[in-house]
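# Breakdown of the fold
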Amino acid sequence: MPSAQFAAKNILDKLMCKNMYFAYILKSLADSRYYYGSTDNLDDRLKKHNSKRVKSTKSRVPFIVHYYEAFETRKDAVGRERFFKSINGYIWLKENNII
């Protein structure tokens, strides 16, 4: 069975195209905690997190992409990120066995 990171990379390869935005959840392999964000290039963003170029996550590397959703607009991706960070988003993520 492929690892989650391998499976996520294959999916990302298929979805990476211009004008796509992503709301994502990373999981730290160091402490098993989650990080929520949004970006227009998920592969590059994961590389930045794992190369310690993101202040809020540099002490928790390495990360894997745990979950993501793709959107046509930045506004929608940022809105979904904010939802993930809300109490209702937390409940939704738990109820759907995402976290």
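What comes next concerns the included structure. This one's a predicted model, so the numbers in the text were calculated from it and none came from an experiment. (Residues numbered from 1 in each chain as written. Predicted model: local features only at pLDDT ≥ 70, side-chain atom pairs only at ≥ 80, totals over all residues. Heavy atoms only, no water.)

## Some remarks on the overall build of the chain
The number of helices and strands found in the chain is four helices and three strands. Listed by position from the N terminus, the elements making up the chain come as α-β-β-α-β-α-α. Taking all contacts inside the chain whose residues are at least 6 apart in sequence as the whole, residues at least 24 apart take part in 56%. Entry remark: accessible area of the chain is about 6,400 Å², with carbon and sulfur atoms responsible for 51%. (Helix = DSSP H or I, 4+ residues; strand = E, 2+ residues; numbered from the N terminus. Contact = heavy atoms within 4.5 Å. Areas by Shrake-Rupley, 256 points an atom, 1.4 Å probe, with all protein chains shown as cover.)

## Details of the packing of aromatic side chains
Two measures describe an aromatic ring pair: the distance that separates the ring centres and the angle between the ring planes. Inspection of the entire model under this criterion finds six aromatic pairs. Residues Tyr 24 and Tyr 35 carry aromatic rings whose centres are separated by 6.3 Å and whose planes lie at 35° to one another, so their mutual orientation is tilted. Here Tyr 35 lies in strand S2 (residues 34-39) and Tyr 24 lies in strand S1 (residues 21-28), a separation of eleven residues in the sequence. Judged by centre distance (6.4 Å) and plane angle (50°), the ring pair of Phe 83 and Phe 84 falls under tilted. Aromatic rings pair up to connect Tyr 36, Tyr 67, Phe 83, Phe 84 and Trp 92 into one cluster. Seen from the ring of Trp 92, Arg 80 lies directly overhead, with NZ or CZ sitting 4.6 Å from the centre. (Phe/Tyr/Trp six-rings, centres within 6.5 Å; stacked < 30°, edge-to-face > 60°. Lys NZ or Arg CZ within 6 Å of the ring centre and 35° of its normal.)

## Quick word on the pairing of S2
For S1 and S2, the ladder comprises six bridges, and the chain directions are antiparallel. Across the sheet, Ala 23 pairs through a bridge with Ser 38, a residue of S2. The antiparallel hairpin formed by S1 and S2 contains five residues in its connecting segment, where Ser 32 sits at a positive phi of about 65°. (Pairing = 2+ DSSP bridges.)

## Some words on the side chain of Glu 81
For Glu 81, the position within the fold is in helix H3 (residues 74-85). In this structure the side chain of Glu 81 is engaged in a polar contact, spanning 2.6 Å, whose partner is the side chain of Ser 38. Setting aside residues up to four positions removed in sequence, Glu 81 forms contacts with Ala 23, Tyr 36, Gly 37 and Ser 38. (Polar contact = N/O pair within 3.5 Å; in protein donor to acceptor, adjacent residues only side chain to side chain.)

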